[in-house]
Amino acid sequence: MDDAKNGDYRWDEGRMALYVYWLDDALGAVSKNASAKYFMENGLGRKAFPSVQRLESEVIDMALSLFNAPAGAAGSFTSGGTESIFQAVKSARSLKRATGAVASHERLKIVVPRSAHPAFNKAAYYLDMDVQRIAIGDDFRVDVQALNAAVDDRTALIVGSAPAYPHGVYDSIAALSEVALKHQVPLHVDACVGGFLGPFMKLNGEPIPDFDFSLPGVTSMSADIHKYGFAAKGASLILYRNDIFKQHQRFEFDDWPRGHYETDTFLGTRPASPVASAWAVLNYLGTEGYRGIAKIVADTRNRMIQGIEDIDGLEVLRPHSELSFVLYRSRDPSVDINAVAQELDNKGWFVGVGVDPVAIHFMVNPVHQSIMDRYLDDLRAAVKNVRDNKLTAQTNAHTY
C-alpha cells in the first residue's frame, strides 16, 4: 500500500487544491481517533448503537444553530454532498406530489443555476425529473429574473449555491428567497463547500452574503462537514426548515417477514466513524477554532491573489471568490494557460482547470499557508517556460 501511494499527489504537502482539507496533525489525530472508536459500528442499527444516534443528533443540532434554523427544524447525516442533494430533491418531489397540485403522471422539474453542481442532474436522473439550468451573468451569479420566469406548475424546487464550485461566488440567495416565497416553491441552498467556512468568515468581517435559514424562503440546505468542517470523509448534512420536509425524504417498508424497515437517508448500512469524527472535530474546534481557520484561509487566499497578479501575463478572475476560491487565466497571447497548468503538474501540483472561462481553479485551505511561496515560485517559472518556449496544451475538461 505504501508503494502504491507513491504515485499519488502529496496532499500533506499542499500539492492539491481539492479533495483533502487539512489544518494540522493535532486536528487530524482528533478526527482519526474518534473515527477509530466507531470503526465497526453500523449507523443503521439505531437500537443497537444509541450512542451513534446521540452523536448524529448533536451534530445536526450544532449545524441547525450555525445556520439560524427556527424551532421545528430537522436534518439528517449523509455520506456526502451528492446524497444530501439527492435527499433534498427527493423530499421536494414527494412533497409536491403530496399536495395534489400536479397530475400523478406529470414529470416534475427543478430549476437551478447553470453553475449548480451536477449532483442536481444526477438526482433528477434517478428520480425521473427534469432540470432547467438558468444562465449566469458576468458576475457568475444566476440570473434571478430568468430563474423566476422559469418557475411553473411543474416546479418542485429551485436552487441557489453558497457558493457555486465553478467560480466560488454566491448566488443571490436573498433574491431567490423572494422568488421562492412569491411562487410558494421550496428553495434549496447548496452550501456543501461553504457551509462550515462562510459563517466563520462572516464573523471575522469578510463580506459573506446571507445564505441560510435567516432568509424566510430557504427551506433546505446541504453542507459538507468533510470539507471545511475538517471531518473524515463521508460526513455531510441535509437540513430542513421544518420536519415536514424530512418526513418526505424518509423511506418506510413493512411488506416483508422481518418487520418494519425505515431509513431517513438513501443508505441502509452506513459507517458510524464519519459521525464520530464530525462530532469530535466540531467540539474540538468550536467557534474560535473555526474562526482561526477562516482567517488562515482568507489571508492565504489574499496572498495568493496578490502573488498571481504580480506575475506578468496572468490575471485573477473578477469578481474573485467571496470564500476560498482563486481562478486565474492568461491575459498574454504568448502564455497558454493550459500549458501553464501542464507545467505545474510536471512540478507535482494537482491542477484543476475550469472550462468557462478557461482558467486554473484553486481552492485554498489551511495546508496551503506554508507552501504558497513555493507555489507562486513554481507558477512564475511555469509562465516563463511557456512564454520562452511557446508551449501550448489542450484544456482538460475532466473535473475530477
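You'll find the structure just up there.
This section reports on the structure supplied with the text. (Residues numbered from 1 in each chain as written. Predicted model: local features only at pLDDT ≥ 70, side-chain atom pairs only at ≥ 80, totals over all residues. Heavy atoms only, no water.)

With respect to the helices and strands, His-368 occurs in the loop between strand E13 (358–363) and helix H12 (372–389). A relative accessible area of 0% places His-368 in the buried class. For the pair His-368 and Tyr-21, spaced 347 residues apart in the sequence, the C-alpha separation amounts to 9.8 Å. Beyond its immediate stretch of four places on either side in the chain, His-368 contacts Gly-14, Met-16, Ala-17, Thr-300, Phe-362 and Met-363. A polar atom in the side chain of His-368 sits 2.7 Å from the backbone oxygen of Met-16. (Helix = DSSP H or I, 4+ residues; strand = E, 2+ residues; numbered from the N terminus. Buried < 20%, exposed > 50% of the residue type's maximum accessible area, 1.4 Å probe, protein only. Contact = heavy atoms within 4.5 Å. Polar contact = N/O pair within 3.5 Å; in protein donor to acceptor, adjacent residues only side chain to side chain.)

The description of two aromatic rings rests on the distance between their centres and on the angle between their planes. All told, the structure shown has 17 aromatic pairs when counted by the stated rule. On the basis of an interplanar angle of 75 degrees and a centroid distance of 6.4 Å, the ring pair of Tyr-228 and Phe-230 is categorised as edge-to-face. There is no split in this pair, since Tyr-228 and Phe-230 are both buried. A centroid spacing of 6.2 Å and a plane angle of 70 degrees characterise the contact between Phe-251 and Tyr-261, whose relative ring orientation is edge-to-face. A residue pair is termed long-range when its members are at least 10 positions apart, and Phe-251 in strand E8 (residues 251–253) and Tyr-261 in strand E9 (residues 261–263) qualify at ten residues. A residue is classified by how much of its surface remains accessible, and Phe-251, at 44% relative accessible area, is partly exposed. Under the relative-accessibility criterion, Tyr-261 is labelled partly exposed at 28%. Taken together, the aromatic side chains of Phe-67, Tyr-170, Phe-196 and Phe-211 make up a single cluster linked through ring pairs. (Phe/Tyr/Trp six-rings, centres within 6.5 Å; stacked < 30°, edge-to-face > 60°.)

What follows covers the side chain of Asn-148. Considering the arrangement of structural elements, one finds Asn-148 in helix H6 (residues 144–150). A distance of 3.5 Å separates a polar atom in the side chain of Asn-148 from a polar atom in the side chain of Lys-182. Leaving out residues up to four positions away in the same chain, Asn-148 has contacts with Val-179, Lys-182 and His-183.

For the rest of this paragraph, the subject is the side chain of Ser-84. For Ser-84, the position within the fold is in helix H4 (residues 81–99). Within the structure, Ser-84 has its side chain in polar contact with the side chain of Ser-236 (distance 2.8 Å). Leave out the neighbours within four places in its chain, and Ser-84 touches Thr-78, Ser-222, Ser-236, Leu-237 and Ile-238.

Over its 17 residues, helix H3 (residues 50–66) extends 25 Å from the first C-alpha to the last, a length consistent with the 24 Å expected when each residue adds 1.5 Å. Within the span of H3, buried status applies to Val-52, Gln-53, Leu-55, Glu-56, Val-59, Ile-60, Ala-63 and Leu-64. Residues of H3 that are buried in the fold lie against strand E1 (74–78), strand E7 (236–240) and helix H10 (273–309). Remark: Asn-68 follows H3 within two positions and exhibits a positive phi of approximately 60 degrees. (Expected span 1.5 Å × (residues − 1).)

For E13, a buried count of five out of six residues is recorded, marking the element as mostly surrounded by other parts of the structure. When strand E11 (residues 325–330) meets E13, the two strands line up antiparallel, connected through four bridges. Looking at the pairing, Phe-325 lines up with Met-363 of E13. Bridge count between strand E12 (residues 352–355) and E13: four bridges; the pairing is antiparallel. When the bridges of E13 are listed, Val-353 appears paired with Ile-360. Hairpin connection between E12 and E13: a loop of two residues separates the two successive antiparallel strands. (Pairing = 2+ DSSP bridges.)

Our next topic: the packing of helix H11 (residues 337–346) against H12. Direction vectors running N to C along H11 and H12 enclose 130 degrees, while the axes themselves pass 9 Å from each other. With respect to H12, the element H11 is oriented oblique. For the crossing formed where H11 meets H12, the hand is right-handed. Residues Ala-339, Val-340, Glu-343 and Leu-344 of H11 lie in contact with H12, whose contacting residues are Tyr-375, Asp-378, Leu-379, Ala-382, Val-383, Asn-385 and Val-386. Here the residues of the contact of H11 with H12 sort into eight nonpolar, one polar and two charged. (Axes fitted to C-alpha atoms, helices over the stretch in contact; angles between N-to-C directions. Parallel < 35°, antiparallel > 145°, perpendicular 65-115°, else oblique. Left-handed = near helix turned anticlockwise from the far one by under 90°. Nonpolar A, V, L, I, M, F, W, Y, C, P; charged D, E, K, R; others polar.)

What follows covers the nonpolar core. Among the nonpolar cores identified, the biggest contains 100 residues, and Phe-211, Tyr-328, Val-340, Tyr-375 and Leu-379 are the most heavily contacted of them. Looking at this core, the element that brings in the most residues is H10, giving 15 residues. Ignoring sequence-local partners within four residues, the contact set of Val-340 consists of Val-335, Ile-360, Leu-379, Ala-382, Val-383 and Val-386. Core analysis: the second largest hydrophobic core is formed by 19 residues, Ile-85, Phe-86, Ile-110 and Met-129 among them. (Core = buried A, V, L, I, M, F, W, Y, C linked by side-chain atoms within 4.5 Å.)

Turning to the pattern of salt bridges, a few remarks are in order. Overall, the coordinates contain 26 salt bridges when judged by the stated rule. With its nearest N and O atoms 2.9 Å apart, the salt bridge here joins Glu-315 to Arg-329. Here Arg-329 lies in strand E11 and Glu-315 lies in strand E10 (residues 314–316), a separation of 14 residues in the sequence. With relative accessibility at 30%, the residue Arg-329 sits in the partly exposed group. A salt bridge links Asp-377 to Arg-380; the shortest N-O distance between them is 3.0 Å. Highlighted residues: Asp-377 and Arg-380, both in helix H12, separated by three residues, approximately one helical turn. With relative accessibility at 40%, the residue Arg-380 sits in the partly exposed group. A single network of salt bridges, built from pairs that share partners, joins Arg-46, Lys-246, Arg-250, Glu-262 and Asp-264. (Salt bridge = Lys/Arg side-chain N within 4 Å of Asp/Glu carboxyl O.)

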